[in-house]
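The primary structure of each chain is shown beneath.
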Amino acid sequence: MNLRKYLKVYKKFLHTSLASELEYKTNILVDLTTAILSLVGSIFLLSIFFQNNGNIGGWEFEQALIIQGIYTILNGITNTWFNPNLTEIVKHIREGTLDFVLLKPIDSQFFISLKKINPSGFLEIMLGFFLLLFCMRINQINLNLSFLTLSLITISCSICILYSLWFFISTTTIWFVKTWNAIEVLRSFLYIGRFPLNSFSFSLRIFFSVFIPIAFITTIPSEVFLGFSQLWKIMLEVIVASVFLITSRKFWLFALKFYSSASS
Amino acid sequence: MTSNLINRKIFTLLKVQYSNMLEYRVEIALWAISGIIPFFMLNIWTNNNLNESINISDVMLSRYFLCAFFVRQFSVVWVVFSFEEDSLMGKVSPYLIQPLNPFFRYFAQHVAEQITRFPFALIIGFFFFIFNPESIWIPNLGILLLSIVSTFLSFLIQFLIQSIIACLCFWTEKASSIERLLFIPTLFLSGLLAPVVSFPAFVKSWIYLTPFPYLIDFPANLLSGNETNISGGLSMQILWIFLLFPLFKKIWSEGTKKYTAMGS
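Note that the structure is predicted; figures quoted are calculated from it, not measured. (Residues numbered from 1 in each chain as written. Chains lettered and ligands numbered in written order. Predicted model: local features only at pLDDT ≥ 70, side-chain atom pairs only at ≥ 80, totals over all residues. Heavy atoms only, no water.)

With that out of the way, let us pick up the side chain of Arg117 of chain B. Residues and elements named next belong to chain B. Residue placement: Arg117 occurs in helix H7 (residues 102-131). With relative accessibility at 2%, the residue Arg117 sits in the buried group. Those residues within four positions of Arg117 in sequence are excluded, and the remaining contacts are Ile28, Trp31, Ala32, Arg72, Gln73 and Val76. (Helix = DSSP H or I, 4+ residues; strand = E, 2+ residues; numbered from the N terminus. Buried < 20%, exposed > 50% of the residue type's maximum accessible area, 1.4 Å probe, protein only. Contact = heavy atoms within 4.5 Å.)

Before going further, it helps to examine the confidence of the model for chain A. Confidence along chain A averages 87 in pLDDT terms, with 98% of residues attaining 70 or more. Mean pLDDT in chain A bottoms out at helix H8 (residues 173-176) of chain A, which sits at 82, and peaks at helix H12 (residues 231-256) of chain A, which reaches 92. (pLDDT = per-residue confidence, 0-100.)

It is worth spelling out the environment of Ile165 of chain B at this point. All names here are of chain B. Structurally, the position occupied by Ile165 is in helix H8 (residues 141-167). Using a relative accessible area of 7% as the deciding quantity, one classes Ile165 as buried. Here the alpha-carbon distance between Ile165 and Ser176, two residues 11 residues apart in the chain, equals 8.1 Å.

All names here are of chain A. Over its 13 residues, helix H11 (residues 214-226) extends 19 Å from the first C-alpha to the last, a length consistent with the 18 Å expected when each residue adds 1.5 Å. In terms of burial, H11 is a largely internal element, 13 of the 13 residues being buried. Looking one or two places after H11, you find Gly227, whose phi comes out positive at around 80°. (Expected span 1.5 Å × (residues − 1).)

Our focus in this paragraph is the nonpolar core. The biggest cluster of nonpolar side chains holds 155 residues, and the ones touching the most others in it are Phe49 and Tyr191 of chain A together with Met41, Trp45 and Phe103 of chain B. A total of 13 residues in this core trace back to one element, the largest contributor, which is helix H3 (residues 61-95) of chain A. Apart from residues lying up to four places away in sequence, Tyr191 of chain A is in contact with Leu45 and Tyr71 of chain A together with Ile37, Met41, Leu187, Phe188 and Leu193 of chain B. (Core = buried A, V, L, I, M, F, W, Y, C linked by side-chain atoms within 4.5 Å.)

Once that is clear, we can look at the interface of chain B and chain A. Many descriptions give the size of an interface as the accessible area lost when the pieces come together. Contacts between the two partners involve 35 residues from chain B and, on the opposite side, 36 residues from chain A. Together chain B and chain A conceal approximately 3200 Å² of surface at their shared face, both sides included; 69% is due to carbon and sulfur atoms. The largest contributions to the chain B side of the interface with chain A come from Phe40, Ile44 and Phe188 of chain B, which together make up 18% of the buried area. Summed over the shared surface of chain B and chain A, the number is 1 salt bridge. The salt bridge involving Arg180 of chain B is made with Asp31 of chain A; its shortest N-O contact spans 3.4 Å. The interface formed by chain B and chain A holds 9 residue pairs in polar contact (both at pLDDT 80 or more) in total. Sort the elements by how many residues they give to the side of chain B that touches chain A and helix H10 (residues 176-189) of chain B lands first, with 8 residues. The residue inventory of the side of chain B that touches chain A, partitioned by class, reads 23 nonpolar, 8 polar and 4 charged. (Buried area = accessible area lost by both parts, 1.4 Å probe. Salt bridge = Lys/Arg side-chain N within 4 Å of Asp/Glu carboxyl O. Polar contact = N/O pair within 3.5 Å; in protein donor to acceptor, adjacent residues only side chain to side chain. Nonpolar A, V, L, I, M, F, W, Y, C, P; charged D, E, K, R; others polar.)

Now the structure itself:
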């Protein structure tokens, strides 16, 4: 593992994929509009929920907006990195081009997860940050170091969980060849992350924190943001994130044993 | 004679596509599962007693969301993605030579997929009734037929809109980003996530002039027995089809003139 080599390779990836994406300029413009409208739509939906009700699941409107902010950032990250790369795995396996990836003298998971980038997701990340800054003002949150580090830790854990979930499903392509729809299922479950975990019934809460820790990935960082998170929840998220990351890595190496190249 | 020919063509197309779709049963089952977002929404609504403000009882609301799920299952359209792939791969060229508009092929594909998906949707509906036994009801035959008609009209509207966007492929090569843009209002304004009755007054004042509420909200209200203006809704659906169809024909004939075969 040579960190400098990987950084250099990543810089090349960034350069080539940005250059190829920027060829479709109108496409990027349309995607940016989509990102803005999508945020407006979610806030609109949230405002319907709060129309006649002071809180849902104990969260007030101003507090629930934080969840939207974090969701938007995570969704932006998904659109920038996970979605373009991990849907590519399906193509690699169908067309047998995974052979070329495996032959390269760098780690295959690194190559497959970071090769491409979709710049239109950047705006979504920025929108999320602006919404968070706005929320900090209306919720009167004071910035301090411990709060910053804790929220940074929890958000990076959320990113790891999200990545592992995506990567896990994409890896199963090695057996099932086509997993577009499994990704659609994940996407529709991820939709739940826009709302506080407490607003669901008990059984769904269990489902979304034990089986697929989706509500988890936005609710815990938001609680940290508001300053009422317990330490055990943060610890739990760190543990879950590392378990997910390690398992996804193991699963990839395991799956590769079953890879038989297409058309050969 | 000609009608016989058309009938035979359509029948053959349907048969071919149905057997094609049956090969991907697992995928279609996953596709059906990915449509269960309305149930999560229902959970938020009932768990926080949000329905008190819009005067819909828990039972009626759960019927509404179940119907929204069914309407969505049978009106979902993905022409843009098929057409974009076919046009990028140069598969459209042989279709153009045949004496049949290629969109008939896509249309048959969608209908065949709906037939394949029907049992899976029924199973999901069955599970819904197990968890919510109080919401079981049997709509009368007339209403059932009307709602099937209006669901089909909703499917037609979406099919036409997407076909128009798909034709943009002739100019821009990548039309799916425009589709994603249009999906946002479809998601938030169609009544999939919240019934249109619950929208604030300033949205309700204009939304009934757009096609969106007729995509899911109207057929779902009709089927679930919630209050709705039946003749008004149906005539608006037909009106939109009459508006969109000439537009599609125009853009199709312009587009085929512009067509330069990819990959040749």
